Amino acid sequence: MSTTQPIRDREALQKFKNYYLLNEANYRNYALIITGLNTALRISDILRLTWNAVFDGDRIREHIELKEQKTGKTNRILLNRELRAVLTCLRAQSQHCDKDSFLFVSHRRAENPLSRYQAYRIIRHAAQMTGLGDNISCHSLRKTFGYYAWKQGIPPAMLMCIFNHSSFQVTRRYLCIDQDDKDAVFSNIKL
């Protein structure tokens, strides 16, 4: 069994992000991927998001606050500019956006959220169609957030806090540091 990986290549990430926007028009699927990449939430928590968690009446919230399903811990996440724009467009296109409706609804039963399996299929399809291979899954969105945050200089201790991990060892595995990353440290170090 292969390990889920982050999407390390910036160009490949852009193709993956935009697949459901540019290649196979499906704004719900596009918004699902953008939400995963920008919140670092587990897919189970993303699928449970309701319009009320994201919007206060007609105004988009600055933060979402939720109790994580896996850890039971409360997490407060800033909605960045990209995600705010995408969720605002999703709401404008959605037929079911009363406050208790889910953001990512099943096409079969609009009162139900998208299933974890269907979310997996959506992400795997975009990954396969953009040439990313077999190591991309729902958890890749979360890992990709961590990888790019780490590459941009965010301390691993802060990522541990963002991910609500109980140990640094778990966060270290999330970052999927490979030989190229280690080589870059050795080649760029100035003593």
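Colleague: Would you take a moment to explain the pairing of strand β3 (residues 63-67) for this structure?
Modeller: In the case of a regular strand, side chains alternate between the two sheet surfaces. Residues I64 and L66 point to one face of β3 and are all buried, whereas H63, E65 and K67, pointing to the other face, are not buried. Relative to strand β4 (residues 74-78), β3 runs antiparallel, the two being bridged by 5 bridges. Within the sheet, the bridge partner assigned to E65 lies in β4 and is R76. Hairpin connection from β3 to β4: 6 residues lie between these consecutive antiparallel strands, with G72 at a positive phi of about 75°.

Colleague: When you look at helix α9 (residues 168-175) in this model, what are you seeing that I'm missing?
Modeller: Since the α-helix turns once every 3.6 residues, residues separated by three or four places project in the same direction. All buried positions along α9 are accounted for by T171, Y174 and L175. One side of α9 holds all its buried residues, which, seen down the axis, span an arc of 95°. In the core, the buried residues of α9 are packed alongside α7 (138-151) and α8 (156-163). C176 occupies a position one or two residues after α9 and carries a positive phi of about 50°.

Colleague: Explain the packing of helix α2 (residues 27-39) against helix α6 (residues 116-129) here, please?
Modeller: Packed helix pairs are characterised by how far apart their axes lie and by the angle those axes make with each other. Two elements in contact, α2 and α6, have axes separated by 11 Å at closest approach and are oriented at 90°. Put simply, α2 runs roughly perpendicular to α6. Across from R28, N29, L32 and I33 in α2, the residues of α6 making contact are A119, I122, I123 and A126. For the contact of α2 with α6, the class distribution of residues is 6 nonpolar, 1 polar and 1 charged.

Colleague: I'm lost on the nonpolar core in this one. Help?
Modeller: Side chains of nonpolar character tend, in soluble globular proteins, to be buried together. One finds F16, L32 and F104 to be the most contacted residues of the largest nonpolar core, which totals 43 residues. Secondary structure elements with two or more residues in this core: α1 (10-23), α2, α3 (43-47), α4 (51-54), β3, α5 (81-93), α6 and α7. Leaving out residues up to four positions away in the same chain, F104 has contacts with R28, A31, L32, T35, I46, L47, L90, P113 and L114.

Colleague: Explanation requested: the environment of Q69 in the structure shown.
Modeller: Checked against the element boundaries, Q69 lands in the loop between β3 and β4. Sequence separation between Q69 and R48 is 21 residues; the distance between their C-alpha atoms is 9.2 Å. Other than its neighbours up to four places away in sequence, Q69 contacts S44, D45 and R48. Polar side-chain contacts of Q69 include one of 3.4 Å to the side chain of S44.

Colleague: Before we go on, may I ask you to explain unusual backbone geometry in this structure?
Modeller: Peptide bonds are, in most cases, trans, and in most cases residues other than glycine have a negative phi. Residues other than glycine seldom take positive phi values, yet A40 does so here, at roughly 60°. Structurally, A40 is set in the loop between α2 and α3. Classification of A40 as buried rests on a relative accessible area of 2%. With a phi angle near 60°, N164 is a residue other than glycine that sits in the positive phi range. Structurally, the position occupied by N164 is in the loop between α8 and α9.

Colleague: Sorry, what's going on with the pattern of salt bridges here?
Modeller: Using the criterion set out here, one finds 8 salt bridges in the structure. The residue E68 makes a salt bridge to R42 at a minimum N-O spacing of 3.3 Å. Within this pair, whereas E68 is found in the loop between β3 and β4, its partner R42 is found in the loop between α2 and α3, the two being separated by 26 residues in sequence. Residue class for E68 comes out buried when judged on its relative accessible area of 2%. Residue classification places R42 among the buried residues on the basis of a relative accessible area of 9%. With a closest N to O distance of 4.0 Å, D58 and R91 form a salt bridge. Taken together, the positions of D58 in the loop between β1 (55-56) and β2 (59-60) and R91 in helix α5 put the pair 33 residues apart, joining distant regions of the chain. A relative accessible area of 71% means that D58 is categorised as exposed.

Criteria and thresholds
Residues numbered from 1 in each chain as written. Predicted model: local features only at pLDDT ≥ 70, side-chain atom pairs only at ≥ 80, totals over all residues. Heavy atoms only, no water. Buried < 20%, exposed > 50% of the residue type's maximum accessible area, 1.4 Å probe, protein only. Helix = DSSP H or I, 4+ residues; strand = E, 2+ residues; numbered from the N terminus. Pairing = 2+ DSSP bridges. Arc of directions from axis to C-beta. Contact = heavy atoms within 4.5 Å. Axes fitted to C-alpha atoms, helices over the stretch in contact; angles between N-to-C directions. Parallel < 35°, antiparallel > 145°, perpendicular 65-115°, else oblique. Nonpolar A, V, L, I, M, F, W, Y, C, P; charged D, E, K, R; others polar. Core = buried A, V, L, I, M, F, W, Y, C linked by side-chain atoms within 4.5 Å. Polar contact = N/O pair within 3.5 Å; in protein donor to acceptor, adjacent residues only side chain to side chain. Salt bridge = Lys/Arg side-chain N within 4 Å of Asp/Glu carboxyl O.

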